[in-house]
Amino acid sequence: ALEWLWAIKEPKRTGCLARIIQSNGFEAWTAFLITANAIFTVYMTDYGITHLEDSGTQGTRYAELAFICIFFCELVLKMLVHRMYFFWSGETRWNLLDLLLVCSSSWDQITFYLLSSGDMPQANLSFLRSFRIIRLSRIFRILRVIRVFCELRNILVSIVGSFVSLFWCLLM
C-alpha cells in the first residue's frame, strides 16, 4: 500500500547552495567541527562532574552557544537544499539525529539561561547540574564523522590491497 512512498527519490539538487552543501570541503569542515564539539563536550562534562558547584565560565557558555549556532545553521542550510527530502532520503537517519541533537542542545541552553537569569531568583539549578551527563549524548554526532572515514578506509584498503598486484606487475 505504501510502496509508492518508498519509491520516491530525491531529484538532483543544483544551485550554489546545493553545491556548497554537497561539497567535500563542507563535509570535511563539518567533520572537523563535530570532532571539536565532541572533545569540548567531553571536557565540559568532566569539568562539570569534578566541579559540581561551578556551572562553567562565560567563555565555555559562549563556546557551547557557538557550536549550537553553527550546527543550527548547517541544519537550516540542508533543509533549504533538500526541502521535504531532508526527512525522506538516504540520509534521513543522520538528518533526524542532527535535528534531535540541535534541539536538545538548544533546549539545554534556553533552560539554563532562563533559570539562571535574574528574573527567577528562586530557581534551583541543582537539577540542571544532575543532567550534565546527558550532554554526552551530543557525542553521537561523531558517528557522522565515522561514516566519512569509513569511505576513506575503504579507499585505503583498496590501495593497500592492490600493492600485491603492483608488485607482480613490476616484477614482470
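That block above? That's the structure.
Every value quoted in this text rests on a predicted model; they were computed, and no experiment measured them.

Caption draft 1: View of a nonpolar patch on the surface. Together, Ile 155, Ile 159, Val 160, Phe 163, Leu 166 and Leu 170 make up an exposed nonpolar region whose accessible area comes to about 600 Å². The set of elements that each furnish at least two residues to the nonpolar patch consists of helix H7 (142-161) and helix H8 (163-171). Within the secondary structure, Ile 159 is located in helix H7.

Caption draft 2: Examining the packing of aromatic side chains more closely. Under the defined criterion, the tally for this structure stands at 4 aromatic pairs. With a centroid separation of 5.8 Å and an interplanar angle of 45°, the aromatic rings of Phe 40 and Phe 67 are classed as tilted. Of this pair, Phe 40 sits in helix H3 (residues 24-50) while Phe 67 sits in helix H4 (residues 58-82), and the two are 27 residues apart along the sequence. Each of the two residues, Phe 40 as well as Phe 67, counts as buried.

Caption draft 3: View of the packing of H3 against H4. Between H3 and H4, the least distance of the axes is 11 Å, while the angle of their chain directions is 145°. Our pair here, H3 against H4, has a crossing hand that is left-handed. Facing H3, whose interface residues are Phe 26, Glu 27, Thr 30, Leu 33, Ile 34, Ala 36, Asn 37, Phe 40 and Met 44, H4 presents Thr 60, Ala 63, Glu 64, Phe 67, Ile 70, Phe 71, Glu 74 and Lys 78. Grouping the amino acids of the contact of H3 with H4 by side-chain chemistry returns 10 nonpolar, 3 polar and 4 charged.

Caption draft 4: Local environment of the side chain of Gln 109. Here Gln 109 shows up in helix H5 (residues 92-116). Note on Gln 109: relative accessible area 3%, which makes it buried. Leaving out residues up to four positions away in the same chain, Gln 109 has contacts with Arg 61, Glu 64 and Ile 68.

Caption draft 5: Region of interest: the pattern of salt bridges. By the definition in use, this model includes 2 salt bridges. One salt bridge in this structure joins Glu 64 and Arg 61, with 3.7 Å as the shortest N-O distance. With Glu 64 and Arg 61 both in helix H4 and 3 residues apart, the pair spans about one turn of that helix. Glu 64 sits in the buried class, given a relative accessible area of 4%. As a salt-bridge pair, Glu 74 and Lys 78 come within 3.4 Å of each other at their nearest N and O atoms.

What counts and what doesn't
Every residue gets a number counted from 1 within its own chain, in the order that chain's sequence is written. Restriction of local features to residues with pLDDT of at least 70 applies here, the model being predicted, together with a cutoff of 80 or more for giving and counting side-chain atom pairs; totals for whole chains, interfaces and linings are based on all residues. Computation of side-chain values: all heavy atoms of the structure, hydrogens and water removed. Note on patches: the residues involved have over 30% relative accessible area and no salt bridge, like charges join within 9 Å, and the nonpolar side chains Val, Leu, Ile, Met, Phe, Trp and Tyr join within 5 Å. To measure how exposed things are, a 1.4 Å probe is used in the Shrake-Rupley method; for residues, cover is taken only from the protein chains shown. Any carboxyl oxygen of Asp or Glu within 4 Å of a side-chain nitrogen of Lys or Arg constitutes a salt bridge here. The helix count covers DSSP runs of H or I at least four residues long, the strand count covers runs of E at least two residues long, and both are numbered beginning at the N terminus. Stacked, edge-to-face and tilted are the three classes for Phe, Tyr and Trp ring pairs, Trp counted by its six-membered ring, which pair at centre distances within 6.5 Å; planes under 30 degrees apart are stacked, over 60 edge-to-face, the rest tilted. Accessibility here uses a 1.4 Å probe with only protein chains present; expressed as a share of the type maximum, an area under 20% marks a residue as buried, one over 50% as exposed, and anything in between as partly exposed. For every element, the axis is a line fit to its C-alpha atoms; helices are fit only across the contacting stretch, and the angle between N-to-C directions ranges from 0 to 180 degrees. Whether a crossing is left-handed or right-handed is set by the direction in which the near helix is turned from the far one by less than a right angle, anticlockwise for left-handed and clockwise for right-handed. Throughout, a contact is declared for two residues whenever any of their heavy atoms are within 4.5 Å. When residues are grouped by polarity, Ala, Val, Leu, Ile, Met, Phe, Trp, Tyr, Cys and Pro land in nonpolar, Asp, Glu, Lys and Arg in charged, and all others, Gly among them, in polar.

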